[in-house]
Amino acid sequence: MDKILCKQNIQASLQKEGLSQAALAKQLGVSAQAVTNWLKGVDFPRPEKLLKLAILLKLSFDQLVQQQENTQPIIAFRKRAGTKTTETHIENARAIGMLLKPLVPYLQGIHTLRPQLSNPSENYTHLQQAVSEARSKLGLSDQTVLDYHHLIGQFKEVGAVLVPVLWGEKKQHQNAMHIHLPEEKVTFIFLNLDTSIEDFKFWMAHELAHVYTPALVGTEEGEDFADAFAGVLLFPNACAQIAYQDVVRARTTHGKITALQKHATHHSISFFTVYKQVESYVRNLQLPSIGIDERSIHIVRNQVSKQLPLVSEALFSPLPPPPSNYIASVDNGFQSDFFRALRVMIRERDMGAGYVKQILNISLADATALHLELIS
Amino acid sequence: MTLVLLDTCSYLRFAKRIRPMLGVKFGQKEYEITILPEIQSEVLHSSRLKHNFPWFISDKEIASERLSKQLKFSKAEKQALDNATSVIYNWVLMNARNYKTPPSPTDCKVLALGQIRNAIVVTDDLSMHTLANEFQIPILHGYELLKKMLTAKLVDKELVKEIYAALEVNSDLPRTWIENRDKAFGRIFKQA
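Residues numbered from 1 in each chain as written. Chains lettered and ligands numbered in written order. Predicted model: local features only at pLDDT ≥ 70, side-chain atom pairs only at ≥ 80, totals over all residues. Heavy atoms only, no water.

Quick notes on the packing of helix α4 (residues 47-57) of chain A against helix α6 (residues 75-94) of chain B
Where we set the bar: To define axes, lines are fitted to C-alpha atoms, for helices over the stretch in contact only, and angles between the resulting N-to-C directions are given on a 0 to 180 degree scale. Elements are defined by DSSP. Helices are runs of H or I of four residues or more, strands are runs of E of two residues or more, and each kind is numbered from the N terminus. Between 65 and 115 degrees an angle is taken as roughly perpendicular, under 35 as roughly parallel, over 145 as roughly antiparallel, and anywhere else as oblique. Each crossing gets its handedness from the near helix: less than a right angle anticlockwise from the far helix is left-handed, clockwise is right-handed. By the convention used here, residues are in contact when the closest approach between their heavy atoms is within 4.5 Å. Residues were grouped as follows: Ala, Val, Leu, Ile, Met, Phe, Trp, Tyr, Cys and Pro as nonpolar; Asp, Glu, Lys and Arg as charged; and all remaining residues, including Gly, as polar.
Viewed as axis vectors pointing N to C, α4(A) and α6(B) meet at an angle of 150°, and their least axial separation amounts to 8 Å. As far as their axial angle goes, α6(B) and α4(A) are roughly antiparallel. When you trace α4(A) past α6(B), the crossing you get is right-handed. Two secondary-structure elements touch here, α4(A) through A:P47, A:L50, A:L51, A:A54 and A:I55 and α6(B) through B:N83, B:A84, B:V87, B:I88 and B:W91. Grouping the amino acids of the contact of α4(A) with α6(B) by side-chain chemistry returns 9 nonpolar, 1 polar and no charged.

The following block contains the structure:
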């Protein structure tokens, strides 16, 4: 049985409410043996009895029921700056994960054997080695620009399902959300397209790191590793070395910043990622500092960020896109099987817009428009 | 007294034309219709609902009835409601495959309240009917409530016809209302 009653909480609650097991059975309209069997885990109450049990004992579902861990979604967020992850955010993401389970049989190309990083470590040398191997698998040298299609291809290769969404620039707490279903061995990666284009590639690389390290998903360690891996994947040691040489040749702060920006533009990544990777390179080899103060870095970072479009603005004009354009972009641009599978499922099972609303965490109006497109 | 709890869609189907509706006792079982306070925020946060049901905000009489007659809860009841909602919603999540459209947390709260206040829930959402049956919570379709209101003379034949016509014009006539129209209201519509 994948779920059992939490005996400890029930017994504590019985004591608190001054109820015996026999009295509980009577109030629930079941035999005393039935209650004993529930507490032993050999049987589980029917829904109406479970509900009455919760009300009588004043317990929530989580206090009342123990579920097997491998049936529960594992969640990781790429938070928007300045937001804090709460229990509600985790519960909402977990609910989306549970609701995605019926979609899994409709997905194609799901691989149960996936490449994983053994002994993921933030140690500079280990990280560079791991990235070098990952890049080599993509057919890239350490100096080649990593493009979106490489990342998208890699997600496809490992069977992770990309779900690009239009969540608005500031409406949601997260800009990316990773939901791994351990029982089904499927990972869904939600990416908010209403986000600055300069950060987007970094987030995709960050999410790819989560796919490579499933054991660390949902932990602080996993988040730190994914950030470190993403930075190195986008701008490895070999690139940092060249950038460093360019920067130290420049005589003024402006010249140094221009040198860093040139590399950021060439790789279509953020100025800050380039700066951080050069800093790591300098620290590792104990070289003289590049001599740009943090304040200047942040000023430039903010200026550049304001000038760049959102990914959604770059992809669609005008915004919001018609549902057909959005779905086509997810199907073709992101090579995602998500909407194809959803279309088949909705048609086959005659499902409503409410399902689309819940799994994509969007408004009913948007879900209704998408649903209409999917059934047309 | 038997409490009858409308979900948001059911409220929107009846409230414009049946006045007064909330808090009015009718029928031998003294049915009394009520709503959850969440209806207010659900409509106000949905541009689609606000657009389709402009009277929800503009009609002061209906708004006043809604605000004065909505359910209020004690602290203990709120706790019981939260616990019951968590059980029903987690049941949905564990068995998501069983529902055409898995009921939302708000849907589950409506059913949980049905259990706690011994209320009959009224909804045209078929997945909520499936869920209510699993939890043995009394539930009715909107047309079934309309039939009870007709029997108790809370509405007359003309109003039944008017409601059916309005829902049809708004493309908001649920399949169950269409399929059961002649069975429930045969005389009214045969005369038409």
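Details of the interface of chain B and chain A
Stated formally: For this analysis, a salt bridge means a side-chain nitrogen from Lys or Arg found within 4 Å of a carboxyl oxygen belonging to Asp or Glu.
Between chain B and chain A, the residue contacts involve 29 residues of the former and 32 residues of the latter. Remark: the boundary between chain B and chain A carries 3 salt bridges. Measuring nitrogen to oxygen at the nearest pair gives 3.9 Å for the salt bridge that ties B:R175 to A:D350. If you list the elements that add at least two residues to the side of chain B that touches chain A, you get α3 (47-52), α6 and α7 (105-116) of chain B.

Some points on the environment of B:V122
Residues and elements named next belong to chain B. Note that V122 resides in strand β4 (residues 120-122). As a C-alpha pair, V122 and E30 span 92 residues in sequence and 16 Å in three-dimensional space. The residues contacting V122, other than those within four sequence positions of it, are V4, L5, L6, D7, S10, L140, H141, G142 and L145.

Concerning the packing of aromatic side chains
Just so we agree on the cut-off: A pair of aromatic rings is counted whenever rings of Phe, Tyr or Trp (Trp by its six-membered ring) have centres within 6.5 Å, and the orientation is called stacked for planes under 30 degrees apart, edge-to-face for over 60 and tilted otherwise. Think of it in three bands: residues with accessible area under 20% of the maximum for their type are buried, residues over 50% are exposed, and the middle band is partly exposed, with areas taken using a 1.4 Å probe on protein chains only.
On inspection of all chains with the given rule, the structure shows 19 aromatic pairs over all chains. On the numbers, 6.4 Å between centres and 85° between planes, the contact of A:F200 with A:F334 is edge-to-face. With A:F200 in helix α9 (residues 197-212) and A:F334 in the loop between α16 (323-333) and α17 (338-349), the pair connects residues that are 134 residues apart, well separated along the chain. The exposure class of A:F200 is buried, given its relative accessible area of 2%. Through a chain of ring-to-ring contacts, three or more aromatic side chains come together here, namely B:F14, B:Y164, B:W177, B:F185 and B:F189.

Any link to function would need more than the numbers given here.
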